[in-house]
Amino acid sequence: MAAGSDVLTQLPAWTMAGCAGLAGGLAVAGDPGARRARALMARQEEERWGPAARATARAFFDRRREWLCAPVAVLLAAVGESVLPLLACAVAVPLVRRWLWRRARRQECQKATDAVTALCGAVVGELRAGREPGLALLAAARNTGALGAAEPAVLAAARFGGDVPGALRQASAGPGLDGLAGVAACWRVAVDGGAGLAAGLARLESSLRDERRWREGLRAQLAGAWATVVVLALLPVVGLGLGAALGADPLGVLLHSPGGLVCLVTGGLLEAAGLFWASRIVRTGEAE
């Protein structure tokens, strides 16, 4: 019985120490080397299980990642003997879902931009191989998939002699497809003025690649700032873990005393304000 009571007494300390270790692991996970390692492991997993199974598993996981907050909240509620972590989880789940949605949207936009760049290069290659502009666009669009939902309209215009620049301009309204407006402008100039379509698209492809390299360089420069934001956000969790490891009861004080509740609410508001302000500063740098 004494051993069992000692284990129960030390459970909060070990739990908070584990949370501190998890916080440190999340901070390290943002390292570029770790991201490269995860990308390599993802490629190995795809070769092992196949792209279809991997895509299905990823879609299943992506739709439910925000609910990973629930086990943490249940654990904290059980250790701290309070319902406040569960209430915090109810607030955190929609916020995390929105953050994940915005992140996925940015990734989709980047993929669409890369597809437009590949489309320009493919059309240039087809034109220089001697194909007509319409046939070159048909072949390149099938290989790159850069037209999104507007692909049937654009391909129909290219196949039957319709308004290809107009269809490309409408397709450029999709997320990440702004480069199609440049393709439409090059197509219009080539049709109306007799200018070389291949030369214009080659210059457009070069411009899009330069813009991508510039954004990647800016993202690499801001990686340090993002790492600082993450570390500062996780410092309170590390502090709670250290306090529990030293034999204190930080959760009990925060969740079961008036002064602790005031500190918890004030600290949570300051933490949220700091995260919002730091993220705004970094995103302003990205936008500029």
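In the block above lies the structure referred to throughout.
All figures in this text were calculated on a predicted structure; none of them were measured in a lab. (Residues numbered from 1 in each chain as written. Predicted model: local features only at pLDDT ≥ 70, side-chain atom pairs only at ≥ 80, totals over all residues. Heavy atoms only, no water.)

S.K.: Looking at this structure, I do not really get the pattern of salt bridges. What am I missing?
M.R.: Summed over the entire model, instances satisfying the criterion amount to 7 salt bridges. Here Arg209 ties to Glu205 by a salt bridge, and the two come within 3.1 Å at their closest N and O atoms. Taken as a pair, Arg209 and Glu205 lie in helix α10 (residues 197–245) at a separation of 4 residues, close to a single helical turn. By relative accessible area, which is 16% here, Glu205 ends up buried. (Salt bridge = Lys/Arg side-chain N within 4 Å of Asp/Glu carboxyl O. Helix = DSSP H or I, 4+ residues; strand = E, 2+ residues; numbered from the N terminus. Buried < 20%, exposed > 50% of the residue type's maximum accessible area, 1.4 Å probe, protein only.)

S.K.: Before we go on, may I ask you to explain helix α8 (residues 164–171) in this structure?
M.R.: Residues spaced three or four apart along an α-helix point in a common direction, a consequence of the helix completing one turn every 3.6 residues. Buried residues dominate α8, accounting for 6 of its 8 residues. Taken residue by residue, α8 has Val164, Pro165, Gly166, Ala167, Leu168 and Ala171 as its buried positions. Where α8 begins, one side-chain oxygen reaches toward the backbone nitrogen of Gly166, 3.2 Å away; that side chain belongs to Asp163. (Polar contact = N/O pair within 3.5 Å; in protein donor to acceptor, adjacent residues only side chain to side chain.)

S.K.: Please clarify how the nonpolar core should be interpreted in this entry.
M.R.: Here is a general trend for soluble globular proteins: nonpolar side chains tend to be buried in one another's company. Leu119, Val123, Leu137, Leu147, Leu168, Leu180 and Leu201 are the most contacted members of the largest nonpolar core, which totals 35 residues. Of all the elements in the fold, those that place two or more residues in this core are α5 (84–128), α6 (133–144), α7 (151–160), α8, α9 (179–193) and α10. At 8 residues, α5 tops the list of elements feeding residues into this core. (Core = buried A, V, L, I, M, F, W, Y, C linked by side-chain atoms within 4.5 Å.)

S.K.: It is not clear to me how α6 should be interpreted in this structure. Could you clarify?
M.R.: With 12 residues, α6 extends 16 Å between its outermost C-alpha atoms, agreeing within 8% with the 16 Å of an ideal straight helix rising 1.5 Å per residue. For α6, the complete set of buried residues consists of Gly134, Ala136, Leu137, Leu138, Ala139, Ala140 and Ala141. (Expected span 1.5 Å × (residues − 1).)

S.K.: Can you walk me through the environment of Gly176 in this structure?
M.R.: Within the secondary structure, Gly176 is located in the loop between α8 and α9. Each C-alpha atom, one on Gly176 and one on Gln107, is 9.5 Å from the other, the two residues being 69 residues apart in sequence. Discounting residues that sit within four places of it in the chain, Gly176 has contacts with Cys109, Ala112, Thr113 and Val116. (Contact = heavy atoms within 4.5 Å.)

S.K.: Looking at this structure, how should I read the packing of α5 against α6?
M.R.: When two helices pack together, their arrangement is given by the angle between their axes and by how far apart the axes lie. Where α5 contacts α6, the two axes come as close as 8 Å, and the packing angle between them is 140°. It follows that α5 is oblique to α6 by the angle criterion. Remark: the crossing between α5 and α6 carries right-handed chirality. The residues of α6 that touch α5, namely those facing Ala115, Ala118, Leu119, Ala122, Val123, Glu126 and Leu127, are Pro133, Ala136, Leu137, Ala139, Ala140, Ala141 and Thr144. Looking at the contact of α5 with α6, its residues break down into 12 nonpolar, 1 polar and 1 charged. (Axes fitted to C-alpha atoms, helices over the stretch in contact; angles between N-to-C directions. Parallel < 35°, antiparallel > 145°, perpendicular 65-115°, else oblique. Left-handed = near helix turned anticlockwise from the far one by under 90°. Nonpolar A, V, L, I, M, F, W, Y, C, P; charged D, E, K, R; others polar.)

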